[in-house]
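Overview (structure and organization)
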Amino acid sequence: MSVKTFSSRVLFKLLKHGGVVSGKPLRAARHATSAVLGRSSARGYYNSGTPRCTGPGGAAHSRVVDLRSDTVTKPGPAMRQAMAEAEVGDDVMGEDPTINDLQKIAADMFQMEAALFVPSGTMSNLIAVMVHCRERGDEIIVGDLSHVHIYEQGGSAQLAGVHATTVTTLPNGTFDLEQLESKIRHGYPDPHYPRSRLICLENTHNIQGGRVLPLTFLQEVRALADKYGLSVHMDGARVMNAAVAQGVPPSTILQHTNTVSVCLSKGLGAPVGTILAGPRDFISQAVRCRKALGGGMRQAGVLAAAGKLSLLEMTGRLEEDHRNAKTFAKALLDCDPPLFAVDMAAVETNILRFRLQESSLSPSEFCARMGQVNEGEEAALGQGIQVLMYPHFGNSVRAVWHLGISPEDTQLAIQKMQFVASQYSKEKLGAQ
């Protein structure tokens, strides 16, 4: 299969976000925006909240550019039509034809024996751990900055009775292979130790800024796992971004893993769902675990119809998200005054992490300024622009591009960033 198989035709254009400005004073607006942005949390991009279009009195409208996550995408007209027209049946009985089609499409695309439609990525990863690690006291090896380890509530221990040991996540999302090998337990059945069963990888790597794992690294990890009788599971929530960035079909990446979890509801634009894929006997057991976790759905073909469009029609357009992220990153570096630090070599896909070089301007304060309509902004820019992003891990800011963000939206975000930087510089000079 070639990446060219994927259609790059964009099926629809999302309606532009917009909102009525409340007319609250600037201080109240800043407070409201901070509440949405999770001001004090380094992991705040999972905080809930509706974007508020607030600003100083007199502002009538503002444009919202939502860079909080690629999970905020909404299905467009073609996807909604496919959902409305989907043929359905009882999936728990294996009778939903649209889900069956989706699972076959995914298995073929990933070159896996079988696939399973699961409500969420967190559930999909947990199911994978439960199937790979059949006994309480089994152990998984994960990166210390992995989504599975940090953001999934310790479900492997809480619900599966599986212990986790960590290896240090390197800046590009990989591990040191010698350290990885040192974490593998060799004493089983010595009663003192858990039994190493599974190595978990994440591709692209979320916290490290959408980094794509090198194919050589994947090959080496799989060789190590095979040497010691372990399995490899990939949290491939954004593996389609990795495939596009590397110019290969996803099967080229996934040949080095036993199983994979692939989100349909991020950059691919479906409203709900994840695909778990692997060997046929693995998926057979995964069906049982999904049921135990409450993930068995009935006439869910209305959701699978969106997932089919995601896999077949939405992969090619991910390149646009990558291009827009790089455009914004370059603008950060070109900003005058030079407030931002960006490693352009690390901007590989749709996730951008950057840092502020001024200690007096924290990531939280910067995000608050970007998310509100500031005084004098409409006069300077011709309209109010609210750019939503979050403070992130390691005192950085995280912004994520997706199908709801056009090149025009990216330019609006750049204008707002430049305005905020200019206003901050003027305030700093005035205080001296």
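Before reading on, note that the structure itself is shown above.
Since the model is a prediction, treat every value here as computed from it, not as a measurement.

This brings us to the overall build of the protein. When helices and strands are counted, the protein shows 16 helices and 14 strands. When contacts within the protein are restricted to residue pairs at least 6 apart in sequence, those whose partners lie at least 24 apart make up 77%.

Relative to the helices and strands, N324 is located in helix 13 (residues 318-334). Residues contacting N324, with those up to four places away along its chain left out, are W401, I405, S406, P407 and T410.

We now examine the sheet that holds strand 14 (residues 396-400). Strand-to-strand pairing in sheets goes through backbone hydrogen bonds, with the strands running parallel or antiparallel. On the basis of which strands lie adjacent, the open sheet formed by 4 strands has the order 10-11-14-13 and antiparallel pairing. Edge positions in the open sheet fall to strand 10 (340-341) and strand 13 (390-392), since each of these has one partner strand only. Bridge analysis of strand 10 against strand 11 (residues 351-356) gives 2 bridges, and the strand direction is antiparallel. If you follow F340 over to strand 11, its bridge partner there is L356.

This next bit is on the packing of helix 9 (residues 239-246) against helix 13. Interhelical geometry of helix 9 versus helix 13 gives an angle of 80 degrees and a closest axis separation of 9 Å. Here helix 9 lies roughly perpendicular to helix 13, going by the angle between them. Each of M240, N241, V244 and A245 in helix 9 lies in contact with helix 13, whose residues at this interface are L318, E319 and H322. Considering only residue class, the contact of helix 9 with helix 13 consists of 4 nonpolar, 2 polar and 1 charged.

Ordered by their spatial adjacency, 7 strands build an open sheet running 3-9-8-7-6-4-5, and the pairing between neighbours is mixed. Sheet topology places strand 3 (114-118) and strand 5 (163-167) at the edges, where each strand pairs with a single neighbour. Strand-to-strand twist in this sheet, taken as the mean axis angle between neighbours without regard to direction, amounts to 20 degrees. Two elements, strand 4 (residues 138-143) and strand 6 (residues 195-202), share 4 bridges in a ladder whose sense is parallel. Looking at strand 6, one finds that D138 is bridged to R195.

Turning our attention to the environment of V212. If you trace the backbone, V212 turns up in the loop between strand 6 and helix 8 (215-228). Note: C-alpha distance between V212 and T349 (137 residues apart in sequence) is 7.7 Å. Among residues more than four places away in sequence, those in contact with V212 are N172, N203, T204, A242, A245, Q246, E348 and T349.

Here the focus is the pairing of strand 14. Along any regular strand the residues' side chains alternate between the sheet's two faces. Judged by how many residues are buried, strand 14 sits mostly within the fold: 5 of 5 residues are covered. Judged by which residues are buried, strand 14 turns out to be covered on both faces: S396, R398 and V400 on one side and V397 and A399 on the other are all buried. In terms of strand pairing, strand 13 meets strand 14 through 3 bridges, oriented antiparallel. Note on strand 14: the bridge partner recorded for Y390 is R398. With antiparallel pairing between neighbouring strands as the criterion, strand 13 and strand 14 make up a hairpin whose turn holds 3 residues, including G394 at a positive phi of roughly 70 degrees.

Along strand 4, 6 of the 6 residues are buried, which leaves the element largely enclosed by surrounding structure. The alternating pattern of strand 4 places D138, I140 and V142 and E139, I141 and G143 on opposite faces, both of which are buried. In this structure, strand 4 lies alongside strand 5, joined through 5 bridges in parallel fashion. Bridge pairing in strand 5 links I141 to T165.

Relative to the helices and strands, N258 is located in the loop between helix 10 (250-254) and strand 8 (259-263). Separated by 20 residues in sequence, N258 and G278 place their C-alpha atoms 6.0 Å apart. The residues touching N258, leaving out its near neighbours within four places in the chain, are M112, H132, R222, S231, V232, A277, G278 and P279.

What follows deals with the state of the cysteines. Overall, the coordinates contain 0 disulfides when judged by the stated rule. Free of any disulfide, C200 has its nearest neighbouring cysteine sulfur in C133, separated by 7.6 Å.

Parameters and conventions
- Every chain begins its residue count from 1, and numbering advances along the sequence as written.
- In keeping with the predicted nature of the model, local features appear solely for residues at pLDDT of at least 70, side-chain atom pairs appear and are counted solely at 80 or more, and the whole-chain, interface and lining totals rest on all residues.
- Water and hydrogen atoms play no part in the side-chain values, which are based on all heavy atoms of the structure.
- Elements are defined by DSSP. Helices are runs of H or I of four residues or more, strands are runs of E of two residues or more, and each kind is numbered from the N terminus.
- Two residues form a contact once any of their heavy atoms are found within 4.5 Å.
- Here a strand pair is declared whenever DSSP counts at least two bridges between the two strands.
- Every axis corresponds to a line fitted to the C-alpha atoms, with the helix fit spanning only the stretch in contact, and the corresponding angles, defined between N-to-C directions, vary from 0 to 180 degrees.
- When an angle is under 35 degrees it counts as roughly parallel; over 145 it counts as roughly antiparallel; between 65 and 115 it counts as roughly perpendicular; any other value is oblique.
- Polarity classes work like this: nonpolar for Ala, Val, Leu, Ile, Met, Phe, Trp, Tyr, Cys and Pro, charged for Asp, Glu, Lys and Arg, and polar for all others, with Gly in that last group.
- Buried residues are those whose accessible area, probed at 1.4 Å on protein chains only, stays under 20% of the maximum for their type, while exposed residues exceed 50% and partly exposed ones sit between those limits.
- Two cysteine sulfurs form what is called a disulfide whenever their separation falls within 2.5 Å.

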